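Observations on the model geometry
Residue-level listing of the chains:
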Amino acid sequence: MPSTSRPADARVPAARRVVFVDGVRTPFGRARKDGLYAHTRADDLAVRTVRELLRRHPQLPPERVDDVALAATTQQGDQGLTLGRTVAMLAGLPATVPGFAIDRMCAGAMTAVTTTAAAIGFGAQDVTVAGGVEHMGHHPMGFDADPNPRFLAERIVAADALNMGVTAENLHDRFPALTRERADAYGVASQQKYAAALASGRIEPDLVPVALRDPEHGWGLATADEPPRPGTTVAGIAGLPTPFRAGGRVTAGTSAPLTDGAASCLLAAEDVALELGLPVRMRMVSFAYAGVEPEVMGLGPVPATHKALERAGLSIDDIGLFEINEAFAVQVLSFLDAFGIADDDPRVNPYGGAIAVGHPLASSGVRLMTQLARQFEEHPEVRYGITTMCVGLGQGGTVIWENPAYDAEEAAR
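Figured I'd write up the structure that's included with this text. What you see as residue numbers is a count from 1 along each chain, following the sequence as written. Whole-chain, interface and lining totals are the exception, using all residues; otherwise, since this is a predicted model, local features are given only for residues with pLDDT of at least 70 and side-chain atom pairs are given and counted only at 80 or more. Only hydrogens and water are set aside when side-chain values are computed; all heavy atoms of the structure are taken into account.

Our next topic: the overall build of the protein chain. Strands are runs of DSSP state E lasting at least 2 residues, helices are runs of H or I lasting at least 4, and numbering of each runs from the N terminus. Regarding its fold elements, the protein chain presents 13 helices and 12 strands. C-alpha atoms define the radius of gyration in this analysis, and the globule rule sets the expected value at 2.2 Å times the number of residues to the power 0.38. The C-alpha radius of gyration computed for the protein chain amounts to 21 Å, which stays within 12% of the reference 22 Å derived for 413 residues, consistent with globular compactness. Based on the C-alpha atoms only, the size of the protein chain along its principal axes is roughly 80 × 55 × 55 Å. Each of the 413 residues in the protein chain was classed as buried or not, and the buried ones make up 55%. When contacts within the protein chain are restricted to residue pairs at least 6 apart in sequence, those whose partners lie at least 24 apart make up 79%. Carbon and sulfur atoms form 55% of the exposed surface of the protein chain, whose accessible area is close to 17300 Å². Residue exposure (1.4 Å probe, protein chains only): buried if accessible area is under 20% of the type maximum, exposed if over 50%, otherwise partly exposed. Here, two residues are considered to be in contact whenever any of their heavy atoms come within 4.5 Å of each other. The Shrake-Rupley method, run with a 1.4 Å probe sphere, supplies the accessible areas, and residue values consider only the shown protein chains as cover.

Printed below as a string of structure tokens:
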């Protein structure tokens, strides 16, 4: 006979605040045959970042990590085999810690963060590791991909939508105010800001050294980013060729170089972070993803930011710091124009960006977050900051963060 007793009500967790505990990254290397990581596996780069997070926070029992989410755009070879699980095992986490792989192209690590943060916020998890890796030297963007012929045959996307450099040229076409001169000036400023941040000690604290082995040169140690060109000048890049279009406006001086690297971070529920004695470097406020026409994918951060601001009940005027991924200078400039922000606004990418340091696709989202966390510590007068990026095939992602070090009195001065 079926029971006539009333079933117990399920215990539905209340929403919890999610915090960014810490983030680290490898030095970034140039994706070429003689680059920094030419003879280093992609998964080993990711392992190094996870081990460093655990080393920096011995108060975190490894078994308290509930999940490991690792992103890669090309999930094959040394970036395949369910990265989150394999990297967790190789990093020495207990076999009880699960993991998974994720892909949203350039926003892979950002999506790893927001996906596991949602689980924390819902109460399904307490502590997670999220990040991404891209070895573009081993896995060139789009290599061995087989796009469905219907994309072009049925005109679902424009013929040039799968070439990211061409989509940047399309932004120049669509918005005449986005001139090559502005893009060149922005690209040079990125190099200069990165060089200044490096000289003042703001870059190195977030880097984890990586042991290298070269069959020809022996053992080495990667301790610094390889891509930056600190002596870049506007005059020096004015004559660079435009590889994506004859007579175009996008050059190597205004594009992120092809890069190898990894980045990972620790996330936790705020109450769990306090319980374990973990630092609270940022609080997540809201996040959003949005789609745009693939042929102008660089516009993606604009609608994503509008959505994230609306969900948070904030306006762009409430944002005191912006970390915008610099896939191309024109993409950042289109965002700035959309929100009425000056090209040289000091709130934007204070440490420079991907044009200088590089963009290892799926890892860059955590680099942005790690830098914003450090900037929050330097600016107690700033309450809210944004990390945002464009994504291939016409997407954008934005996360809004709150500064736990915010000082209202400092802000009023």
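Ring geometry is summarised as follows: Phe, Tyr and Trp rings, the Trp one being its six-membered ring, pair when their centres sit within 6.5 Å, and such pairs are stacked at plane angles under 30 degrees, edge-to-face over 60 and tilted between the two. Going through the model one piece at a time under the given rule, you end up with 5 aromatic pairs. Relative to tryptophan 401, the ring of phenylalanine 20 lies with its centre 5.9 Å away and its plane at 80°, an arrangement referred to as edge-to-face. Placement of phenylalanine 20 in strand β1 (residues 18-25) and of tryptophan 401 in strand β12 (residues 395-402) is noted, with a sequence separation of 381 residues between them. Geometrically, the ring pair formed by phenylalanine 322 and phenylalanine 335 is edge-to-face, given 6.3 Å between the ring centres and 70° between the ring planes. Highlighted residues: phenylalanine 322 in strand β10 (residues 319-324) and phenylalanine 335 in helix α10 (residues 329-338), separated in sequence by 13 residues. The same class applies to phenylalanine 322 and to phenylalanine 335, which are both buried. One aromatic cluster is present, formed by Phe322, Phe335 and Phe339 through successive ring pairs. Geometrically, a charge over a ring is one whose NZ (Lys) or CZ (Arg) sits within 6 Å of the ring centre while staying within 35 degrees of the ring normal. Residue placement shows arginine 25 over the ring face of phenylalanine 28; its charged tip is 4.4 Å from the ring centre. A cation over a ring is seen here: arginine 104 above tyrosine 289, with NZ or CZ 3.8 Å from the ring centre.

Turning our attention to helix α2 (residues 83-90). The α-helix winds at 3.6 residues per turn, so residues separated by three or four positions along the chain end up facing the same way. Where α2 is concerned, the buried positions are Leu83, Gly84, Thr86, Val87 and Ala88. The elements touched by buried residues of α2 are α1 (42-56), β3 (67-71), β4 (99-102) and β5 (127-135). At the C-terminal side of α2, glycine 92 shows a positive phi close to 95°.

It is worth spelling out the side chain of serine 286 at this point. Relative to the assigned elements, serine 286 resides in strand β9 (residues 282-291). Counting of polar contacts relies on pairs of N or O atoms within 3.5 Å, with two restrictions inside protein: one atom must be capable of donating a hydrogen and the other of accepting it, and residues adjacent in sequence are counted only when both atoms are side-chain atoms. One polar contact links the side chain of serine 286 to the main-chain carbonyl oxygen of alanine 308, over a distance of 2.8 Å. If we skip the residues at most four places from it in the chain, serine 286 touches Ala308, Arg311, Ala312, Thr398, Val399 and Ile400.

To continue, consider the nonpolar core. Membership of the largest hydrophobic core comes to 72 residues, with the highest contact counts inside it found for Val113 and Trp401. Throughout this description, the term nonpolar core refers to a set of buried Ala, Val, Leu, Ile, Met, Phe, Trp, Tyr and Cys residues connected via side-chain atoms within 4.5 Å. Within the second largest apolar cluster, 35 residues are counted, among which are Val296, Ala308, Ala327 and Ile341.

With respect to the element layout, leucine 81 can be found in the loop between β3 and α2. Among the residues examined, leucine 81 registers a relative accessible area of 72% and is labelled exposed. Residues leucine 81 and phenylalanine 335 lie 254 residues apart in sequence; the distance between their C-alpha atoms is 36 Å.

Burial within β3 is extensive, with 5 of its 5 residues counted as buried. Burial of β3 is two-sided: the residues Asp67, Ala69 and Ala71 facing one way and the residues Val68 and Leu70 facing the other way are all buried. Inspection of the sheet shows β3 paired to β4 by 4 bridges, in the parallel sense. Its bridge partner lying in β4, alanine 69 is registered against phenylalanine 100. As for the winding sense of the linkage, the β-α-β connection from β3 through α2 to β4 is right-handed. By definition, two strands form a pair when at least two bridges between them are found by DSSP. The handedness rule is simple: strands pointing away from the viewer, and a clockwise path from the first strand over the helix to the second, make the crossover right-handed.

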